[in-house]
Amino acid sequence: MTRRIALRAAIFLLAVSVASLALGRFAGPPWGWGLFIGCVLAAWLHGVVSLAALARWVARPLPEELPEGRGAWTGVLRALHRHERDASRRHAAATEALVRFRRAVQALPDGVVILDGRGRIEWSNDTAAAQLGLDAESDLGQPIVNLVRVPEFIAYVRSGAAEAPPPVRLEIREGTLLAAQAIAFGEEQTLLLTRDVTQGERLETMRRDFVANVSHELRTPLTVLAGFLETVRELKLDPQRTRDYLAMMQDQTSRMQRIIEDLLTLSNLESSPPSPPRAVPVAPLLERLRADAEALSGGRHRIALSAEPTLDLVGAEGELASAFGNLVTNAVRYTPAGGEIRIEWREEADGEARFSVVDTGVGIAAEHLPRLTERFYRVDRSRSRETGGTGLGLAIVKHALSRHEARLEIESAPGRGSRFSARFPARRTVAAGATERG
Ligand code: ADP
């Protein structure tokens, strides 16, 4: 470029000198000098004007206002134009990359806050703003400890990310548990990551409670069993007493067996893939359940069945039998002698199918209803135990029904009886015999 400019200048000078010499020879030296000085002055003036335009642009360098050049200035300004174009392309690419990066961080399920060296918010994604109760725009530049007024959080942020403190668990809002971690980066900046761990913590508590409950449920019959065994071994008992003790030991063993069977059923419902859907003839299934209920009741209750014979379900027969069976058995167990139990199966006006068990039993107070399907939740512990309950029946019902897209509805009033209903969407129903015909 410099060489080209020097060459252009040399050619210009040479051309002007030759032209001036020629003119001086023909028209006289004053004309020659006149031409030479005029040309040099014009070139100088052009340089000054171009330089002034460039100086103006440099003071306010807008790419679209870069002046066009002439002569030797053409190359310089063209190079500037090219540089300017590249710079704005690079700037656009960087802006685009930053926008994409921010969009990616926005899309993260975790909260991200960038703090400067004095703990002021430089940027935060929407998740962090929602979790920490910040305003992602108007809180920029504010010290985060002024906005999140939770002592543990303030202490954590102040402890300094440079010390790489382990993540903390904080309850910023009631009922929401956050895990927060500060990571030092850049020049004294801090990356604050937050994650909602409420659900995980709830599951962990449920798991702990479940293990404690199972241990407790099995320990009671085991303790009784161990006591009986010791008595039978240590004492000289007459044959009748021994038989009585053995019968009681068998009761405890059966109880443990029922608990283990129900636990296995639950675990199967939770972990096994859904069984291939088949048409399940519901009316014959309910007929069998009624016969079982009669046997369990031993004639102490009136048991009526009203089932639409042409309405079948699509699903897994074993799971449906287990869900319906548990509801029918419960009705017998929680209805005093002389009571009435109705088993109903029909199509509703909206196309849904409804299985109901209605009893005139002890009923349930409203405050227990939301918790009935929790594992081992019982309203009356001793009644449940006396009637051979494991506390897992309704948990099994809930799982089996949800695998059939059905929901459980419970209506009950203490002393007046209960209605447990399973509602199946229309797409789960099929006309009886449809598959055989098809
Ligand atoms: P359990 O083995 O104790 O019956 P379930 O999970 O089947 O366990 O039921 C949970 C609790 O719900 C029972 O302990 C009982 O208090 C209450 N319950 C269930 N069905 C009925 C019903 N038909 N009438 C009154 N209470 C019921």
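One can find the structure itself at the top, above this paragraph.
Fair warning: this is a prediction, and the values are worked out from it, not measured in the lab.

## Structural notes on the overall build of the chain
Scanning the chain from N- to C-terminus turns up 13 helices and 13 strands. Along the first, second and third principal axes, the C-alpha atoms of the chain reach 155 × 65 × 40 Å. When each of the 438 residues of the chain is scored for burial, the buried share is 36%. Pairs at least 24 residues apart make up 57% of the contacts formed inside the chain by residues separated by at least 6 positions. For the chain, the computed accessible surface area is about 26,300 Å², with 58% contributed by carbon and sulfur atoms.

## Focus: the site of the ligand
For the ligand, the set of nearby residues contains 21 residues, the closest of which are Tyr334, Ser384, Thr390, Gly391 and Leu394. One of the side-chain N or O atoms of Tyr334 is found 2.7 Å from an oxygen atom in the ligand. At a separation of 2.6 Å, an oxygen atom of the ligand approaches a polar side-chain atom of Ser384. The protein chains hide 98% of the 520 Å² of surface that the ligand would expose on its own. Elements with a minimum of two residues in the shell around the ligand: α10 (317-333), α12 (393-402) and β12 (417-424). In terms of residue count, α10 provides more of the shell around the ligand than any other element does, 3 residues in total. Broken down by class, the residue content of the shell around the ligand amounts to 10 nonpolar, 7 polar and 4 charged.

## A closer look at the sheet that holds strand β13 (residues 429-431)
With antiparallel pairing, 3 strands are arranged side by side in an open sheet as β6-β8-β13. Bordering the open sheet on either side are β6 (278-280) and β13, each of which pairs with just one other strand. Adjacent strand axes in the sheet meet at a mean angle of 45° when their direction is disregarded. By the bridge criterion, 3 bridges tie strand β8 (residues 311-315) to β13 in an arrangement that is antiparallel. Each residue of the ladder has a partner; that of Leu311, found in β13, is Ala431.

## Description of the packing of aromatic side chains
Applying the stated criterion across every chain yields a total of 6 aromatic pairs. With a centroid separation of 6.1 Å and 85° between ring planes, the pair formed by Phe324 and Phe424 is classed as edge-to-face. Placement of Phe324 in helix α10 and of Phe424 in strand β12 is noted, with a sequence separation of 100 residues between them. When sorted by exposure, Phe324 lands in the same class as Phe424, which is buried.

## A word on the packing of helix α7 (residues 198-234) against helix α8 (residues 239-271)
With their axes 9 Å apart at the nearest point, α7 and α8 run at an angle of 165° to one another. Looking at the two axes, α7 sits roughly antiparallel to α8. At the point where α7 passes α8, the crossing takes the left-handed sense. A per-class count over the contact of α7 with α8 returns 17 nonpolar, 5 polar and 2 charged.

## Regarding helix α6 (residues 151-158)
Turn by turn, an α-helix covers 3.6 residues, leaving residues three or four places apart pointing in a common direction. Listed in full, the buried residues belonging to α6 are Phe153, Ile154, Tyr156 and Val157. Along the long axis of α6, the arc covered by the buried residues comes to 165°, so they all point the same way. Turned more than 90 degrees away from the buried face of α6 sit Pro151, Glu152 and Arg158, all of them exposed. On its buried side, α6 packs onto β1 (111-115), α4 (126-132), α5 (144-147), β3 (168-173), β4 (176-185) and β5 (189-196).

## So, unusual backbone geometry
Its identity as a non-glycine residue notwithstanding, Phe376 has a phi of 70°, on the positive side. With respect to the secondary-structure elements, Phe376 resides in the loop between β10 (353-359) and α11 (381-386). Taking relative accessible area as the criterion, Phe376 reaches 4% and is therefore assigned buried. Not every positive phi belongs to a glycine, and Glu405 is a case in point at roughly 60°. Relative to the helices and strands, Glu405 is located in the loop between α12 and β11 (407-413).

Thresholds, definitions, all that
- Residues numbered from 1 in each chain as written.
- Predicted model: local features only at pLDDT ≥ 70, side-chain atom pairs only at ≥ 80, totals over all residues.
- Heavy atoms only, no water.
- Helix = DSSP H or I, 4+ residues; strand = E, 2+ residues; numbered from the N terminus.
- Buried < 20%, exposed > 50% of the residue type's maximum accessible area, 1.4 Å probe, protein only.
- Contact = heavy atoms within 4.5 Å.
- Areas by Shrake-Rupley, 256 points an atom, 1.4 Å probe, with all protein chains shown as cover.
- Near = heavy atom within 4 Å.
- Polar contact = N/O pair within 3.5 Å; in protein donor to acceptor, adjacent residues only side chain to side chain.
- Nonpolar A, V, L, I, M, F, W, Y, C, P; charged D, E, K, R; others polar.
- Pairing = 2+ DSSP bridges.
- Axes fitted to C-alpha atoms, helices over the stretch in contact; angles between N-to-C directions.
- Phe/Tyr/Trp six-rings, centres within 6.5 Å; stacked < 30°, edge-to-face > 60°.
- Parallel < 35°, antiparallel > 145°, perpendicular 65-115°, else oblique.
- Left-handed = near helix turned anticlockwise from the far one by under 90°.
- Arc of directions from axis to C-beta.

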